[in-house]
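Residues per chain, in single letters:
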Amino acid sequence: MRWHERIAGDRGDKLLLSVLAAVTVLVPLLNLAVPATSSLHLSTYTVTLLGKYMSYALLALSVDLIWGYGGILSLGHGAFFALGGYAMGMHLMRQIGERGVYGNPVLPDFMVFLNWQELPWYWFGFDHFAFAMLMVALLPGALALGFGWLAFRSRVTGVYLSIITQALTYALMLAFFRNEMGFGGNNGLTDFKDILGFNLQADGTRAAIFIITALFLALGYLACRLIVGSKLGRVVVAIRDAEARTRFIGYKVEWFKLWIFVFSAVIAGIAGALYVPQVGIINPSEFSPLNSLELVIWVAIGGRATLYGAVIGAILVNYAKTVFTAAFPEIWLFALGALFVLVTLFLPEGLAGLLRRREEPAT
Amino acid sequence: MNRVRETGTPKVLGDDAALDTIEDTDLDTSHGPILYLEDVTVSFDGFKALNGLTLYIDDGELRCIIGPNGAGKTTMMDVITGKTRPDKGTVYFGQIIDLLQLDEPDIAQAGIGRKFQKPSVFEQQTVYENLELAMHTDKRVWPTLFAKLSGEQRDGIAEVLQLTGLTEQRNQRAGALSHGEKQWLEIGMLLMQKPKLLLVDEPVAGMTRQEIERTAELLLALEGKHSVVVVEHDMEFVRSIARKVTVLHEGAVLTEGHMKEVQRNPKVIEIYLGA
């Protein structure tokens, strides 16, 4: 890492992680320990909303890692997020058991509704929490491995790669829409009851999931920071800036890209798994190409190749989205587009660029 | 004109694991040449960029290659470094390494370094980081993730900084260097790779006189320790460093020899020097 960037980075890191730590402690306290009558009380709705933003922030980190540092513009990263979400959703479905509308102890409601007699083989094992959590990482990782291996080995780069990632997530969306796939068709998976025996609607469970999400965000952040600060991180930046040159000094570019892509997909999957119990549903719209485009915009607005920029961008844009879609739902997409154009024109380094510009006025 | 290259079993080095063996079994140059190009032909849409090119570079030699535009100089470098596959011909590095079986990173790891015509450094990273990235070491993914610079490696980088005169600028972004400094940094990166053979494409294009002299010193200092092939247009520069010159014309060797002999050769004067 550049020495001056490391200084800025260090300050950004400290600031971000301190804020995150404070939020992790304060938000559950204000929700659980402060009586509802007090003006300081935070509603459970707000806690869950913040938790959702944080899972988005983790997703944005995964995009910043490959796009900001690696120059791999994935326009289908939502697919990995959704796969992680589905793995979690399948576990939560299996936990419903006899409490479903049809009371079938094994089959989820939608399967009973489709007159299925037995559980498809790929649903086996998801009743075990540990197995499901393994799949949260493994499924997106395996997809990224297969896809990345084919794409990078054939030296598909730039806009062509972006287009096929977009096609990937679109194809998955169409597949998951089909009832025959066994993932609940367009309704997806929902009506979750509890996780590890704790009621998902309870304030305590919500606060706990919030804290866990915050911890994963911090862990993901630190892992990404360590990676970009390592020699591997510098090789990845070298590939971004001069791919052919990196080959000629002896690095197998394909393997480096593949490694970082798979790592990023696993983080995106974990983010999806944290997202699902908080919003209570996962459906094929999570695969929609639009979602993947949006999350690239979060990173662009926050600032690429800084990591903290991605976190800030994801949280701010989603907060704006919450406010806008409540007040003027029909103009949200225009507002997002305008924001993107403005940031590209006036803040090419995103919001994080403002911070950096103030810290090193004379470069 | 064909020189003897023992036809042993060619070594195929597809996977990373096999790379380690290259370093151990030192390059076999027992028959003199370090690089053999024999009857190499490359055509692009019918145009023959290389036309039965046969060329040998001796171990430890500093060779200059000249020739008019389109003579095939850069294509020759592309073939040696794995960027372009020839239609026919053989390319061997030492006695046993068949370069046509390897890709770019394998060839680099086997000990061939290349400096591009346009200065090509990692502009967003510091001079020091550029040298560190080029450093000869295990370049597979996991070892790179956990790589830490050893004292010896630090010394190696410091030495190259010294040699290239970039010690002062070591923490500067490479993008902020002057044109000449970038060229030296790139030569420094080549040295960090500890190559046995350096291919240097037009090292002094766009340089001032002083910078050219400095570059000539740098390249002369390498002679003996490494084999160096320099492709250059600047005749004065070639005169100042060349021991042996090869003239390429229309994808094949026109003549080879001392700069003085070559300059007197009427064919050379006709196609190149006279122009």
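All of these numbers come straight from a predicted model, not from anything done at the bench. In this numbering scheme, every chain counts its residues from 1 along its sequence in written order. By the order in which they are written, chains take letters starting at A while ligands take numbers starting at 1. Totals for whole chains, interfaces and linings use every residue, but because this is a predicted model, local features are given only for residues with pLDDT of at least 70 and side-chain atom pairs only at 80 or more, for both listing and counting. Side-chain calculation: all heavy atoms of the structure are included, whereas hydrogens and water are not.

### Remarks on the interface of chain A and chain B
Here comes step 1: The criterion used for residue contact is that any of the two residues' heavy atoms lie within 4.5 Å. Listed as interface residues are 27 residues of chain A and, on the opposing side, 35 residues of chain B.
Here comes step 2: A 1.4 Å probe defines the accessible area here, and the buried area is the portion of it lost by two parts on being joined, summed over both. Interface area for chain A against chain B, summed over the two sides, is near 2,900 Å², with a carbon-plus-sulfur share of 62%.
Here comes step 3: Contact with chain B buries area across many residues of chain A, yet Lys231(A), Arg245(A) and Phe248(A) alone supply 29% of it, more than any other trio.
Here comes step 4: Here, a salt bridge means any Lys or Arg side-chain nitrogen found within 4 Å of an Asp or Glu carboxyl oxygen. Applying the counting criterion to the chain A and chain B interface returns five salt bridges.

### Description of the environment of Gly184(A)
Here comes step 1: Looking at where Gly184(A) falls in the secondary structure, it is placed in the loop between α6 (158-177) and β1 (189-190).
Here comes step 2: Setting aside chain neighbours within four positions, we find Gly184(A) in contact with Phe110(A) and Asn179(A). Counting from the N terminus, the helices are the DSSP runs of H or I reaching at least four residues and the strands are the DSSP runs of E reaching at least two.

### Description of the packing of aromatic side chains
Here comes step 1: Planes of paired rings set the category: under 30 degrees apart is stacked, over 60 is edge-to-face and the rest tilted, where pairs are Phe, Tyr or Trp rings (Trp by its six-membered ring) whose centres lie within 6.5 Å. With the rule as written, the count across this model stands at 25 aromatic pairs over all chains.
Here comes step 2: Between Phe81(A) and Tyr275(A), the ring centres sit 5.0 Å apart and the planes meet at 55 degrees, which makes this aromatic pair tilted. Of this pair, Phe81(A) sits in helix α3 (residues 78-96) while Tyr275(A) sits in helix α10 (residues 253-279), and the two are 194 residues apart along the sequence.
Here comes step 3: The buried label goes to any residue with under 20% of its type's maximum accessible area, the exposed label to any with over 50%, and the partly exposed label to all in between, with areas taken from a 1.4 Å probe on protein chains only. Look at Phe81(A) and you get buried, because its relative accessible area is 2%.
Here comes step 4: The class for Tyr275(A) is buried, based on a relative accessible area of 7%.
Here comes step 5: Residues Trp142(B) and Phe146(B) carry aromatic rings whose centres are separated by 6.4 Å and whose planes lie at 15 degrees to one another, so their mutual orientation is stacked.
Here comes step 6: Aromatic ring contacts, followed pair by pair, group Tyr86(A), Phe110(A), Trp121(A), Tyr122(A), Trp123(A), Phe176(A), Phe183(A) and Phe287(A) into a single cluster.
Here comes step 7: Placement of a charge over a ring requires the Lys NZ or Arg CZ to be within 6 Å of the ring centre, with the centre-to-atom vector within 35 degrees of the ring normal. Stacked on the ring of Phe248(A), the Lys or Arg Arg114(B) has its end atom at 5.5 Å from the ring centre.
Here comes step 8: Note that Arg214(B) overlies the ring of Trp184(B), its terminal NZ or CZ placed 5.5 Å from the centroid.

### Some remarks on the sheet that holds strand β6 (residues 112-115) of chain B
All names here are of chain B.
Here comes step 1: Judged by pairing direction, the sheet is mixed, and its six strands sit side by side in the order β6-β7-β8-β3-β9-β10 without closing on themselves. What marks the edges here is a single partner per strand, and that holds for β6 and β10 (252-257). On average, each strand axis in the sheet is inclined to that of its neighbour by 20 degrees, with strand direction left out of account.
Here comes step 2: Two strands qualify as a pair provided that DSSP identifies no fewer than 2 bridges between them. Strand direction decides the pairing type here: strand β3 (residues 62-66) and strand β8 (residues 227-231), joined by four bridges, are parallel. Each residue of the ladder has a partner; that of Ile-65, found in β8, is Val-231.
Here comes step 3: Contacts from helix α2 (residues 73-80) reach β3, β6, β7 (197-201), β8 and β9 (244-249), with the element oriented near 145 degrees to β7.
Here comes step 4: Note on geometry: axes are lines fitted to C-alpha atoms, helical ones only across the stretch in contact, with angles between N-to-C directions running from 0 to 180 degrees. Of the strands in this sheet, β6 and β7 are in contact with helix α7 (residues 179-192), which crosses β6 at around 175 degrees.

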